[in-house]
Amino acid sequence: MIFLGERERAAKIIRKLKAKYPNTRYYLNFSSPLELLAATILSAQARDELVNSVTPKLFKKYKSAPDYANLPVSQLEKDIKRVNFFRNKAKAIQNACKMLIKQYGGKVPDTMEELIQLPGIGRKSANAILINAFNKVEGIVVDTHVIRLSLRLGFTRDYDPEKIERDLMKLIPKINWKPFPWLMKDHGRAICVPKRPKCPECVVNELCPKVGV
Ligand code: SF4
């Protein structure tokens, strides 16, 4: 265990993870804010691979908010039925699109305050949309990998996503807010897995307090 200032330690960990995962990238496929909005709703408690396997057909079929809003919800359910909670998610996508039409001229808004008003969109999804679709970096996406690894790495002692985000924003330079969750996901899948993390193989082993491991 190497003892450094916490910001310095975090910076070193991020540098090492960037070197380990040079091709790290955002994990949901999309080509417009509307597509990302639908994908983030689908991704709640679902694997990215599953979402990415469902969205190509979906995005080909529905290209605008009215496309999603003006169809029987049962049709949308059918289109996404391979994804868990497909009924709730179909309803959320459709209701979000109805709100886009009513309040934002059919466009996805680009502020946190507006995004979190949309059905199915919480702070995590809003951050993901702002950062990845609009390149507006105002926070850090806190997903299940970010929570688990941030606790183990000693970046936070909290379990509440909003408090974790605040802790991370103090610790991590803004330039790394965007790729941080991508790196946590890559590392959380390859090495720092939920059960029995592979610490002896880990590139940040010497910098990690391994809290709770
Ligand atoms: S040393 Fe272990 S607990 Fe720490 S990040 Fe690596 S795998 Fe996870």
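In this text, all values refer to a predicted model and were calculated from it rather than measured experimentally.

(A) Geometry of the overall build of the protein chain. Per the secondary structure count, the protein chain includes eleven helices and zero strands. Seen in sequence order, the protein chain has helices and strands lined up from the N terminus as α-α-α-α-α-α-α-α-α-α-α. Computed over the C-alpha atoms, the radius of gyration of the protein chain is 18 Å, within 12% of the 17 Å expected from 2.2 N^0.38 for a compact globule of 213 residues. Seen along its three principal axes, the alpha-carbon backbone of the protein chain occupies a region of about 60 × 30 × 30 Å. Considering the protein chain as a whole, with its 213 residues, one finds that 48% of them fall into the buried category. Restricting the contact set of the protein chain to residue pairs at least 6 apart, pairs at least 24 apart contribute 61%. Here the protein chain displays about 11100 Å² of accessible surface, and carbon together with sulfur accounts for 53% of that area. Treating the 39 positive side-chain charges of the protein chain as one cloud and the 21 negative ones as another, the clouds have centres 5 Å apart.

(B) Broad picture of the UniProt feature "domain: HhH-GPD" (unreviewed entry) in the protein chain. With numbering matched to this structure, UniProt assigns "domain: HhH-GPD" (unreviewed entry) to residues 42-190. Taken end to end, residues 42-190 has its terminal C-alpha atoms 23 Å apart, with 62% of it in helix and 0% in strand.

(C) Highlighting the domain arrangement of the protein chain. The assigned domain composition of the protein chain is domain 1 (6-24 + 140-207) and domain 2 (33-134). Computed over C-alpha atoms only, the centres of domain 1 and domain 2 are separated by 27 Å. Facing the ten residues of domain 1 at the interface are nine residues of domain 2. Roughly 790 Å² is buried in total at the junction of domain 1 and domain 2, and carbon and sulfur atoms are behind 46% of that figure. The largest per-residue losses of area from domain 1 upon contact with domain 2 belong to Val 141, Lys 178 and Arg 189, which jointly make up 51% of the total buried on that side. Linking domain 1 to domain 2 there are four salt bridges. Of the charged contacts in the structure, one is a salt bridge between Lys 185 and Asp 48, with a shortest N-O distance of 2.9 Å.

(D) Focus on the side chain of Glu 77. Tracing the chain through its elements places Glu 77 in helix H5 (residues 73-79). Residues within four places of Glu 77 in sequence aside, it is in contact with Phe 86, Arg 87 and Ala 90.

(E) Summary view of the UniProt feature "binding site: [4Fe-4S] cluster" (unreviewed entry) in the protein chain. Under the local residue numbering, the UniProt record ascribes the feature "binding site: [4Fe-4S] cluster" (unreviewed entry) to Cys 192, Cys 199, Cys 202 and Cys 208. What stands out for the annotated residues spanning 17 residues is how close their C-alpha atoms remain, the widest pair being 11.1 Å apart. Cys 199 gets classed as buried once you look at its relative accessible area, which sits at 18%. Dropping the residues within four chain positions of it, Cys 199 is found in contact with Asn 205, Lys 210 and Val 213. Residue placement: Cys 208 occurs in the segment after helix H11 (180-190).

(F) Broad picture of the nonpolar core. Grouped together as the largest cluster of nonpolar side chains are 70 residues, with contacts concentrated most on Leu 37, Tyr 68 and Phe 180. Each of domain 1 (6-24 + 140-207) and domain 2 (33-134) accounts for three or more of the residues forming this core. The contacts of Leu 37, once residues within four sequence positions are left out, are Ala 96, Leu 100, Val 108, Leu 118, Ile 121 and Ile 129.

About the cut-offs
- Residues numbered from 1 in each chain as written.
- Predicted model: local features only at pLDDT ≥ 70, side-chain atom pairs only at ≥ 80, totals over all residues.
- Heavy atoms only, no water.
- Helix = DSSP H or I, 4+ residues; strand = E, 2+ residues; numbered from the N terminus.
- Rg over C-alpha atoms; globule rule 2.2 N^0.38 Å.
- Buried < 20%, exposed > 50% of the residue type's maximum accessible area, 1.4 Å probe, protein only.
- Contact = heavy atoms within 4.5 Å.
- Areas by Shrake-Rupley, 256 points an atom, 1.4 Å probe, with all protein chains shown as cover.
- Lys, Arg positive; Asp, Glu negative; His and termini not counted.
- Charge placed at Lys NZ, Arg CZ, Asp CG, Glu CD.
- UniProt positions renumbered as here; feature names shortened; annotations may be inferred.
- Domains from an automatic or database assignment.
- Buried area = accessible area lost by both parts, 1.4 Å probe.
- Salt bridge = Lys/Arg side-chain N within 4 Å of Asp/Glu carboxyl O.
- Core = buried A, V, L, I, M, F, W, Y, C linked by side-chain atoms within 4.5 Å.

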